[in-house]
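Working through the structure, step by step
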Amino acid sequence: MNIIFMGTPEYATKILANILKHNINVLAVFTQPDRPVGRKQILTPPSVKAFVNENYPKIPILQPKNLKDESTKKYIASLKPDFIVVAAYGQILPKEILDTAPCINLHASILPKFRGASPIQSAILANESETGVTSMLMQEGLDTGDILQIAKTSCLDKTAEQLFDELGDMAAALIIKTLENFKDIKAQKQDESKASLCKKIKKEMGLFSFDETADEIYAKFRAFYPWPGLYLQSGLKILSLKPANLQGESGEILQISKNSFTIACKDASVEIFSLQEPGKKASDAFSYINGKRLKLKDKIC
């Protein structure tokens, strides 16, 4: 079996690694261009490129800004792949490439729910009890292709970071099952009446206030961990919290312990364990309270 692989982050790297472990011949890898990272803006290769360079240096790596260039389309066609496997690649595949071979995408949701760029975070924000990975045949629409197979898992009390890791492992196993059983799988049309679309995560989405409910705050915390994080208008970032049952006026400190403090929100409260002020190091809750000389009934804005 000969495939072309297209993917960029760690989620995609797990899938590619498992494909290669199963002795599937990878003709070429397509990934996003290197990006400047951090305060010093150091040009950094994506996870997939770094993995291939270190472990499989003979596999060609291509990083086109887009796939519309005729030379790129001709190159892909010249390889005559049996399949093109796509996982969080970050680019739209033109029709000419979609027609080259069956294109299989590993999308991190239970389609048709949460099509688009942020399926994991969106499932958490919607308080879904479960999420999963769908292997699907790609077409010109955004995540609208026929469903091949689905693997599911609980998403209760899990952060986006935890789910990215877990779903990466699940997708890595699912692609092998899909490829090996492709001829026997009966693809299913998606139910458009149940479809939903999610957008790219932006930094401002992490902003919250204690006027929101405990469930809303907890969902935002889990969805936006580790990026962009959960933060107040003041820039104070909440690094660890969980819902609590105490009640009081929104933003008011209701309880202080050695490991945490509890703050009232719209309907109940949240217990905070660690946090970080802008431009400062992370702090445990008790040290923060002592440093600010805060006491019961004081407010944090």
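All of the points below concern the structure found in this document.

What counts and what doesn't
- Residues numbered from 1 in each chain as written.
- Predicted model: local features only at pLDDT ≥ 70, side-chain atom pairs only at ≥ 80, totals over all residues.
- Heavy atoms only, no water.
- Helix = DSSP H or I, 4+ residues; strand = E, 2+ residues; numbered from the N terminus.
- Buried < 20%, exposed > 50% of the residue type's maximum accessible area, 1.4 Å probe, protein only.
- Contact = heavy atoms within 4.5 Å.
- Expected span 1.5 Å × (residues − 1).
- Core = buried A, V, L, I, M, F, W, Y, C linked by side-chain atoms within 4.5 Å.
- 1 Å grid on protein atoms, 1.4 Å probe; cavity = no way out; pocket = protein on both sides within 12 Å on 5 of 7 lines; lining within 4 Å.
- Points joined across faces, edges and corners; volume = space filled by probe spheres on them.
- Nonpolar A, V, L, I, M, F, W, Y, C, P; charged D, E, K, R; others polar.

**Side note on the environment of Leu-142**
- By secondary structure assignment, the location of Leu-142 is in the loop between β9 (130-137) and β10 (147-154).
- Using a relative accessible area of 44% as the deciding quantity, one classes Leu-142 as partly exposed.
- As for Leu-142 and Ala-214, which are separated by 72 residues in sequence, their C-alpha atoms are 33 Å apart.
- The contacts of Leu-142, once residues within four sequence positions are left out, are Arg-115, Gly-116 and Leu-197.

**Points about helix α1 (residues 10-21)**
- For α1, built from twelve residues, the straight-helix expectation of 16 Å at 1.5 Å per residue is met to within 8% by its first-to-last C-alpha distance of 16 Å.
- Most of α1 sits out of view: ten of its twelve residues are buried.
- For α1, the full list of buried residues reads Tyr-11, Ala-12, Thr-13, Lys-14, Ile-15, Leu-16, Ala-17, Asn-18, Ile-19 and Leu-20.
- Immediately beyond the C-terminal end of α1, within one or two residues, lies Asn-23, with a positive phi of roughly 60°.

**Re the nonpolar core**
- In terms of nonpolar packing, the biggest core is built from 41 residues, with Phe-5, Ile-15, Ile-19 and Leu-106 touching the most fellow members.
- Going through the elements one at a time, β1 (2-7), α1, β2 (25-30), α2 (47-55), β6 (83-87), β7 (103-107), α5 (119-125) and α6 (160-180) are the ones with two or more residues in this core.
- Here Leu-106 is in contact with Tyr-11, Ile-15, Val-85, Val-86, Ala-87, Val-133, Thr-134, Ser-135, Ala-171, Leu-174 and Ile-175, once residues within four sequence places are set aside.

**Concerning the layout of surface pockets**
- Estimated volume of the largest pocket: approximately 1700 Å³.
- Considering the residues around the largest pocket, the lining is formed by 47 residues, among which Pro-9, Ala-88, Tyr-89, Gly-90 and Ala-117 are closest to the centre.
- Elements represented by at least two residues in the lining of the largest pocket include exactly α1, β6, β7, α5 and α6.
- Counting residues per element, the lining of the largest pocket draws most heavily on α6, at four residues.
- Taken together, the residues of the lining of the largest pocket sort by class into 26 nonpolar, 13 polar and eight charged.

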